[in-house]
Amino acid sequence: MTHLSQPLLKKAILAKEAHWEYQRLSLLATAWKIEELKRQLSLMEGFEKEKKESLDGTSQDLELFESLLSLDTSAEVHAERKQLLCIYDDDILKFSAINDHLNHLVHQLPSKD
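Since this is a predicted model, take the numbers as computed values, not measurements. (Residues numbered from 1 in each chain as written. Predicted model: local features only at pLDDT ≥ 70, side-chain atom pairs only at ≥ 80, totals over all residues. Heavy atoms only, no water.)

Student: Lay out the overall build of the chain with the relevant residues and their values.
Tutor: A count of helices and strands for the chain gives 3 helices and 0 strands. If you list the helices and strands of the chain from N to C, you get α-α-α. Taking as baseline every contact in the chain between residues at least 6 positions apart, the subset at least 24 positions apart corresponds to 83%. (Helix = DSSP H or I, 4+ residues; strand = E, 2+ residues; numbered from the N terminus. Contact = heavy atoms within 4.5 Å.)

Student: So what's going on with helix 1 (residues 6-49)? Residues and values would help.
Tutor: In a regular helix each residue adds 1.5 Å, so 44 residues correspond to 64 Å; helix 1 covers 64 Å between its end C-alpha atoms and thus fits that length. Residues Leu-9, Ile-13, Gln-23, Leu-27, Thr-30, Ile-34, Leu-37, Gln-40, Leu-41, Met-44 and Phe-47 constitute the buried set of helix 1. (Expected span 1.5 Å × (residues − 1). Buried < 20%, exposed > 50% of the residue type's maximum accessible area, 1.4 Å probe, protein only.)

Student: Before we move on, could you go through the pattern of salt bridges and cite the residues and values that matter?
Tutor: Tallied over the full model, the rule gives 4 salt bridges. Between Lys-33 and Glu-36 there is a salt bridge, and its shortest N-O distance comes to 3.1 Å. Within this pair, Lys-33 and its partner Glu-36 are both found in helix 1, separated by 3 residues, close to a single helical turn. Between Asp-90 and Lys-94 there is a salt bridge, and its shortest N-O distance comes to 3.4 Å. Of this pair, Asp-90 and Lys-94 both sit in helix 3 (residues 74-108), 4 residues apart, which is roughly one turn of the helix. (Salt bridge = Lys/Arg side-chain N within 4 Å of Asp/Glu carboxyl O.)

Following this line, the structure appears as structure tokens:
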């Protein structure tokens, strides 16, 4: 990278920084999707433990509660969560590599004393 002019090196850093920020936000979105699925599973498991009859018996209450549930089965939600955890782990590794590369580029700039 030492053969790059300072303006071009700064542009490379800005481009890498934009990619870093994109990856960071992608990781955050995946983490929240994992959290959503975890909470959905908790809700589904809680619902399975409760008897539908104990909801007070009105169809309106039952419809409202069922509308909160995912259309997916518990097994499907578990599978999606497992898949997202694998993706998240892989993305963490990619993010770390991008972060290391960005730090390397930044250190190529001359220090301003």
